[in-house]
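# Structural description and commentary
Chain by chain, the residues run as shown.
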Amino acid sequence: HLRELAQDIHRGGRTGSGMDDNDREMAALRRSQKFRAHQSKYGDRSAARREREKEEARLKAEMELDREKRAAAAAQRKEEIAKATEEMMSSLPASFGAKKDDGGKDIHRKRKLEAFTQPSASQDQIDATMANLKKLQLPVSCEIVLNHGQKVISAMGLDPRGGRLLTGGYDYTVKMWDFAGMTRTLENFRELEPKEGHVIRQLRYCKGGKFLCITGYRCASIFTRDGHMEHEYNRGDMYIHDLQHTVGHVAALTDGHWNPKNDAEFLTASEDGSMRIWDVNTERRSKEYIKLKPRGGGKRVPVTACCFSPNGDMIAGAGRMGSVQIWERKQQRVSPRAKKKVYKAHEPQTETSCVVFASDNRALASRGGDGTLKLWDVRKFKKPVVEWKKDLPNDYPTSDVAFSP
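Keep in mind that this is a model prediction, so the values were computed, not measured.

The rules behind the values
- Residues numbered from 1 in each chain as written.
- Predicted model: local features only at pLDDT ≥ 70, side-chain atom pairs only at ≥ 80, totals over all residues.
- Heavy atoms only, no water.
- Pairing = 2+ DSSP bridges.
- Helix = DSSP H or I, 4+ residues; strand = E, 2+ residues; numbered from the N terminus.
- Axes fitted to C-alpha atoms, helices over the stretch in contact; angles between N-to-C directions.
- Buried < 20%, exposed > 50% of the residue type's maximum accessible area, 1.4 Å probe, protein only.
- Polar contact = N/O pair within 3.5 Å; in protein donor to acceptor, adjacent residues only side chain to side chain.
- Patch = residues over 30% accessible without salt bridge, like charges linked within 9 Å, V, L, I, M, F, W, Y side chains within 5 Å.
- Areas by Shrake-Rupley, 256 points an atom, 1.4 Å probe, with all protein chains shown as cover.
- Salt bridge = Lys/Arg side-chain N within 4 Å of Asp/Glu carboxyl O.
- Lys, Arg positive; Asp, Glu negative; His and termini not counted.
- Charge placed at Lys NZ, Arg CZ, Asp CG, Glu CD.
- Contact = heavy atoms within 4.5 Å.
- pLDDT = per-residue confidence, 0-100.
- Phe/Tyr/Trp six-rings, centres within 6.5 Å; stacked < 30°, edge-to-face > 60°.
- Core = buried A, V, L, I, M, F, W, Y, C linked by side-chain atoms within 4.5 Å.

## Notes on the sheet that holds strand S8 (residues 229-232)
- The sheet built from 4 strands is open, its strands ordered S5-S6-S7-S8 with antiparallel pairing. Edge positions in the open sheet fall to strand S5 (200-205) and S8, since each of these has one partner strand only. In this sheet, adjacent strand axes meet at a mean angle of 20 degrees when their direction is disregarded.
- The pairing of S5 with strand S6 (residues 211-215) spans 5 bridges and is classified as antiparallel. Of the residues in S6, the one forming a bridge with Gln-202 is Ile-214.

Written out as structure tokens, the structure is:
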């Protein structure tokens, strides 16, 4: 259209002297009609460009305003945290965190904990706590006391980011603590009861922020970072003799562990003598079934502890008869028989409350109900490399042990 319009204009300018009035009027009419048709089809490009530039300027202004609002909110949050920290620190004794040089012999660790303990806590209890810290030689520079309740704390879980803590106990409740939002009152921000009337056995965070809750019930649960239940997994049918053909556990759970390499999988152990691997998004039935084999066959042996290796290629389980067994897991499948096993790792009829792999996947630690802690070499899984005898009382079936990260 533009080419024809230019030709008409050129033709009219070249032959304008030889055209009469009718020809000029017809040429002008053709030009105006073509111009209007072109405008109606393609529009005014300069006007469209101005509209586009105006819209871009508006979006840029909105983004700048949103950025300023976020920066102001972050500054306000930082100021609130600093103020709360200052209030908490101002309430601490002057000697809190101070070090006393005793000629290089020891660090004086006695603190005035009365401000953070319950009125029922006696001076003898405070002195006993300080004596235990000194005996264990823990690198403590400062401490606070978080009051879960009046009953035993049976499980704890720390967020991988270090910002939140979970505590669960024999009062059937889980309490959630947020260090960043904590005031001088040192109160938890949420309290929940996963399963009414059942003790909390294990609490573990995954890298994504969710946490696994194991109670004395037959079903495991997963909660969001803010403490809302996301999944509760099925229980099995107790009337099926071969537990491999049922969908879940038929007796109380004892332990649970996330797959360190895959947040979509976790492991559970139960008093029904089995361990099961679950897919987070499949509540209906477990993914794999693992049976703890008793020596010489016979009845089912309750599984008291379980764990994944850091590389996810091995699974360890401990039984009430004192055995510790290790399975290999290749191509997302667990071998049906334990590759390594020690039947008398701990005294029979005692609760081996914890097994855990070291970060190198070669060492395994087990804490027995017989008051011992043993360190094993997975490559030579016959006798413990180191054994601490009768120094560690194990009064509860959830007593834990952990390697330094």
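## Details of the side chain of Gln-202
- Here Gln-202 shows up in strand S5.
- Gln-202 gets classed as buried once you look at its relative accessible area, which sits at 9%.
- Here the side chain of Gln-202 touches Asp-255 through a polar contact of 3.1 Å, side chain to side chain.

## As for the pairing of strand S1 (residues 153-158)
- With 5 bridges connecting them, S1 and strand S2 (residues 164-169) associate as antiparallel partners. The residue of S2 that forms the bridge with Gly-157 is Leu-166.
- Where S1 hands over to S2, the hairpin turn is made up of 5 residues, of which Gly-162 adopts a positive phi near 80 degrees.

## Some points on the pairing of S8
- Both strand S7 (residues 221-223) and S8 contribute to a ladder of 3 bridges, which runs antiparallel. Note that in S8 the partner of Ile-222 across the bridge is His-231.
- In sequence, S7 turns back onto S8 through a hairpin of 5 residues, with Gly-227 there showing a positive phi of about 90 degrees.

## Here's the deal with a positive patch on the surface
- A cluster of basic residues, Lys-291, Lys-293, Arg-300, Arg-337, Lys-341 and Lys-382, forms a positive patch at the surface.
- Residue position: Arg-337 is located in the loop between strand S16 (333-334) and strand S17 (340-342).

## Examining unusual backbone geometry
- If you check the backbone angles, Leu-186 has positive phi at about 55 degrees while not being a glycine.
- Structurally, the position occupied by Leu-186 is in the loop between strand S3 (174-178) and strand S4 (190-192).
- Among the residues examined, Leu-186 registers a relative accessible area of 8% and is labelled buried.
- Positive phi outside glycine occurs at Asn-361, with the angle close to 65 degrees.

## Notes on the environment of Thr-352
- Positionally, Thr-352 belongs in the loop between S17 and strand S18 (354-357).
- Residue Thr-352 is classed as buried on the basis of its relative accessible area of 0%.
- In this view, Thr-352 contacts Thr-304, Ala-305, Ala-318, Gly-319, His-346, Arg-367, Gly-368 and Gly-369; residues no more than four positions away in its chain are not counted.

## Side note on the confidence of the model for the protein chain
- The share of residues in the protein chain with pLDDT of 70 or more is 80%, and the mean pLDDT across the chain is 82.
- Mean pLDDT across the elements of the protein chain ranges from a minimum in helix H1 (residues 2-14), with 58, to a maximum in S6, with 96.
- Confidence over residues 99-120 falls short of pLDDT 50; this stretch has 35 contacts with residues more than four positions distant or in other chains.

## Comments concerning the packing of aromatic side chains
- Applying the stated rule across the entire model yields 8 aromatic pairs.
- Ring plane angle 65 degrees and centroid distance 5.2 Å describe the contact between Tyr-233 and Phe-266, whose orientation is recorded as edge-to-face. In this pair, Tyr-233 is assigned in the loop between S8 and strand S9 (253-259) and Phe-266 in strand S10 (residues 262-270), connecting sequence segments 33 residues apart.
- Since its relative accessible area comes to 1%, Tyr-233 is described here as buried.

## Topic: the nonpolar core
- Membership of the largest hydrophobic core comes to 15 residues, with the highest contact counts inside it found for Ala-316, Val-324, Ile-326, Val-355, Phe-357, Leu-364 and Phe-381.
- Looking at this core, the elements with two or more residues in it are strand S13 (303-308), strand S14 (314-319), strand S15 (324-330) and S18.
- In terms of residue count, the dominant contributor to this core is S14 (3 residues).
- Excluding anything up to four places from it in sequence, Phe-381 contacts Val-324, Ile-326, Lys-340, Lys-341, Val-342, Leu-364 and Trp-376.
- Leu-267, Leu-292, Val-301 and Cys-306 belong to the second-largest nonpolar core, a separate cluster that totals 14 residues.

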